[in-house]
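# Results of the structural survey
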Amino acid sequence: NKHGRKPKYWMLICNPTQWGNGTEQFEVNELLKNLDQEAWKINDRTSMELQMKQGDLGIIKVSNDTRNEINRMDDNGDMVPVLEAGIYATFEVINDEDGEPTWEAEDDNFYVNIQVTNNLFKKKKNINKDTSIELLGKNLYSSIPSTKIDKKVYETVLQYIDNNIG
């Protein structure tokens, strides 16, 4: 690839109840729709922060949305819809201004810098849970932490997007 190494492939998980600290002032639906460049919190027990490099590619999967009504209120007090579990975007790992793809924050969590390459939710689309399970396989779909995925799995998801969503 353009970075002189073969990319690795990843699946990042968005748990709506935990994203944005789970506060009612943090509207996950709006954040997901506007996702472009993001510092994404990654599991510090998987050594992903040591493996993820600029040019790596991946998908963003939203897990089951179990937010209560209070946590689904937007700033105007309006109820936002429950997010359907499934695949919502593809991304590329990018370096920050220090030339690093991952970093440890003051909160002792690790983050990876991503550039969203196809935000399906912005197009009012996603790959629903059943189709995501078919594309990823049940074990991978059920993964709770973000995880490495095979190139073939990533390419299968891209092919599905090209053929069905655009």
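Residues numbered from 1 in each chain as written. Predicted model: local features only at pLDDT ≥ 70, side-chain atom pairs only at ≥ 80, totals over all residues. Heavy atoms only, no water.

Right, let's talk about the pattern of salt bridges for a bit. Scanning the model with the defined rule gives 3 salt bridges in all. Across the pair aspartate 56 and arginine 5 runs a salt bridge whose closest N-O atoms are separated by 2.8 Å. Linking aspartate 56 in the loop between α2 (48-51) and β3 (57-62) with arginine 5 in the segment before β1 (9-14), this pair joins segments that are 51 residues apart in sequence. When its relative accessible area of 25% is taken as the criterion, arginine 5 is described as partly exposed. A salt bridge links arginine 67 to aspartate 65, with the shortest nitrogen-to-oxygen separation between them at 2.6 Å. Aspartate 65 matches arginine 67 in its accessibility class, with the two residues each being buried. (Salt bridge = Lys/Arg side-chain N within 4 Å of Asp/Glu carboxyl O. Helix = DSSP H or I, 4+ residues; strand = E, 2+ residues; numbered from the N terminus. Buried < 20%, exposed > 50% of the residue type's maximum accessible area, 1.4 Å probe, protein only.)

All right, on to the pairing of β1 then. Burial of β1 is extensive: 6 of the 6 residues sit out of reach of the surface. Of the two faces of β1, the one carrying Tyr9, Met11 and Ile13 and the one carrying Trp10, Leu12 and Cys14 are both buried. Across 6 bridges, β1 lies against β3 in parallel orientation. Bridge pairing links tyrosine 9 to leucine 57 in β3. Pairing of β1 with strand β8 (residues 147-149), which is carried by 3 bridges, proceeds in the antiparallel orientation. Considered in β8, the bridge of methionine 11 is made with threonine 147. (Pairing = 2+ DSSP bridges.)

Looking now at the nonpolar core. The biggest cluster of nonpolar side chains holds 22 residues, and the ones touching the most others in it are Leu12, Trp40, Ile42, Met52, Ile60 and Val112. For this core, the elements supplying multiple residues, two or more each, are β1, α1 (28-33), β2 (37-42), β3, β4 (86-93) and β6 (110-119). For valine 112, the contacting residues outside a window of four places in its chain are Leu12, Glu38, Ala39, Trp40, Ile42, Met52, Val93, Pro101 and Thr102. Judged by nonpolar contacts, the second largest core, of 18 residues, contains Leu57, Ile59, Leu135 and Tyr154. (Core = buried A, V, L, I, M, F, W, Y, C linked by side-chain atoms within 4.5 Å. Contact = heavy atoms within 4.5 Å.)

Let us now look at the packing of aromatic side chains. The full count for this structure, using the stated rule, is 2 aromatic pairs. Aromatic side chains tyrosine 9 and tyrosine 154 sit 5.1 Å apart centroid to centroid with 35 degrees between the ring planes, which places their arrangement in the tilted category. In this pair, tyrosine 9 sits in strand β1 while tyrosine 154 sits in helix α5 (residues 151-164), placing the two residues 145 residues apart along the sequence. With relative accessibility at 6%, the residue tyrosine 154 sits in the buried group. On the basis of an interplanar angle of 65 degrees and a centroid distance of 5.2 Å, the ring pair of tyrosine 88 and phenylalanine 121 is categorised as edge-to-face. Separated by 33 residues along the polypeptide, tyrosine 88 in strand β4 and phenylalanine 121 in the loop between β6 and β7 (127-128) bring together distant segments of the chain. (Phe/Tyr/Trp six-rings, centres within 6.5 Å; stacked < 30°, edge-to-face > 60°.)

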